[in-house]
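# Notes for the structure review
One-letter residues, chain by chain:
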Amino acid sequence: MSESPAPDSTGAVTGGVRILLRLEGLTLLLGMVVLYAAWGGSWWIFLVLFLAPDLSFLAYLADAEIGAVFYNAVHSYMIPVALLTLGFGFAGPLTLSIAMIWLAHIGFDRALGYGLKYSAGFGFTHLGRIGRAAKQV
């Protein structure tokens, strides 16, 4: 039995683990879209808010470390899962809609290979290098 390759020098996952994490992202995206459709949420709101988390890119105008902190805060599961829980717990339809859209966005990004960022730069993620950083390998 062959072993999975170790993470690369940036700490990014490789091999089958990387594929599994990207498939988890796809599963999250599809699950949230199906749940949102069953919920009967507005597709106009979905379209408007779907890319809203990417406004965190603006923090990269300050520097890579601040950019990574803001990007990771907005692209981790913690806040949207908390919102989802609060939305179900207190029957908050807007809270539920925002949480589902936010989680769908995160799933979309992860499925495409856009992982959480390292402070080395935007192209260095836990799912591997992206963009110009990928060409430097």
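Reference entry: report on the structure contained in this document. (Residues numbered from 1 in each chain as written. Predicted model: local features only at pLDDT ≥ 70, side-chain atom pairs only at ≥ 80, totals over all residues. Heavy atoms only, no water.)

### A short note on the overall build of the protein
For clarity, the cut-off: Counting from the N terminus, the helices are the DSSP runs of H or I reaching at least four residues and the strands are the DSSP runs of E reaching at least two. Residue burial is assigned from relative accessible area. The probe radius is 1.4 Å, only protein chains are included, and a residue is buried under 20% of its type maximum, exposed over 50%, and partly exposed in between. Working rule for contacts: check all heavy atoms of both residues, and any pair within 4.5 Å makes them a contact. Accessible surface is estimated by sampling points in the Shrake-Rupley manner with a 1.4 Å probe; for residues, cover comes only from the protein chains shown.
The secondary structure content of the protein amounts to six helices and three strands. Taken from N to C terminus, the helices and strands of the protein fall in the order α-α-α-α-α-β-β-β-α. Across the 137 residues that make up the protein, the buried fraction comes to 37%. Within the protein, contacts between residues separated by at least 24 positions form 55% of all contacts whose residues are at least 6 apart in sequence. Counting only carbon and sulfur atoms, one obtains 72% of the accessible surface of the protein, whose full area is about 8100 Å².

### Some words on the packing of helix 4 (residues 78-89) against helix 5 (residues 93-112)
This is how it is decided: Between N-to-C directions, angles cover 0 to 180 degrees, with each direction set by a line fitted to C-alpha atoms, over the stretch in contact for helices. Any angle between 65 and 115 degrees counts as roughly perpendicular, while under 35 counts as roughly parallel, over 145 as roughly antiparallel, and the rest as oblique. By definition, turning the near helix anticlockwise from the far helix through less than a right angle yields a left-handed crossing, and turning it clockwise yields a right-handed one.
Running from amino to carboxyl end, helix 4 crosses helix 5 at an angle of 150°, the nearest separation of the two axes being 8 Å. By the angle between their axes, helix 4 is roughly antiparallel relative to helix 5. Both helix 4 and helix 5 take part in a crossing whose hand is left-handed. Residues Ile79, Pro80, Val81, Leu83, Leu84, Gly87 and Phe88 of helix 4 touch helix 5, and the partners they reach there are Thr95, Leu96, Ile98, Ala99, Met100, Trp102, Leu103 and Ile106.

### Description of the nonpolar core
A general feature of soluble globular proteins is that nonpolar side chains tend to end up buried together. Applied cut-off: In this text, buried Ala, Val, Leu, Ile, Met, Phe, Trp, Tyr and Cys residues form a nonpolar core when linked through side-chain atoms within 4.5 Å.
Ranked by size, the top nonpolar core spans 13 residues in total, and within it Met32, Phe46, Phe50, Leu84, Met100 and Ala104 carry the most contacts. Those elements that place two or more of their residues in this core are helix 1 (15-39), helix 2 (43-50) and helix 5. With six residues, helix 5 is the single largest residue contributor to this core. Leave out the neighbours within four places in its chain, and Phe50 touches Leu29, Ile101, Ala104, His105 and Phe108.

### Structural notes on a nonpolar patch on the surface
Basically, it comes down to this: Patch construction takes residues with relative accessible area above 30% that form no salt bridge. Like charges are linked within 9 Å, and nonpolar side chains (Val, Leu, Ile, Met, Phe, Trp, Tyr) are linked within 5 Å. Any carboxyl oxygen of Asp or Glu that lies within 4 Å of a side-chain nitrogen of Lys or Arg is treated as forming a salt bridge with it.
A cluster of nonpolar side chains, namely Ile45, Val48, Leu49, Leu94 and Ile98, defines an oily patch on the protein surface of about 410 Å² accessible area. Breaking the nonpolar patch down by element, the ones donating at least two residues are helix 2 and helix 5. No other element matches helix 2, which puts three residues into the nonpolar patch. Structurally, Ile45 can be placed in helix 2.

### A word on the packing of aromatic side chains
Quick reminder of the rule: Aromatic rings from Phe, Tyr and Trp, with only the six-membered ring used for Trp, were paired whenever their centres fell within 6.5 Å, and each pair was classed as stacked if the ring planes differed by under 30 degrees, edge-to-face if by over 60, and tilted otherwise. In this scheme, the term charge over a ring applies when either NZ of a lysine or CZ of an arginine sits within 6 Å of the ring centre and within 35 degrees of the ring normal.
Applying the stated criterion to the full structure yields nine aromatic pairs. Note on Phe46 and Phe50: the rings are 5.5 Å apart at their centroids and 20° apart in plane angle, and the pair reads as stacked. Taken as a pair, Phe46 and Phe50 lie in helix 2 at a separation of four residues, close to a single helical turn. When the ring of Tyr71 is compared with that of Phe122, the centres are 5.9 Å apart and the planes differ by 85°; the resulting orientation is edge-to-face. In this pair, Tyr71 is assigned in helix 3 (residues 64-74) and Phe122 in strand 2 (residues 121-125), connecting sequence segments 51 residues apart. Under the relative-accessibility criterion, Tyr71 is labelled buried at 1%. A network of ring pairs unites the aromatic residues Tyr36, Trp43, Phe46, Phe50 and Phe108 as a single cluster. In this arrangement the basic side chain of Arg110 is found over the ring face of Tyr77, its NZ or CZ atom lying 4.9 Å from the centre. Taking NZ or CZ as reference, Lys117 lies 4.4 Å from the ring centre of Tyr71, over its face.

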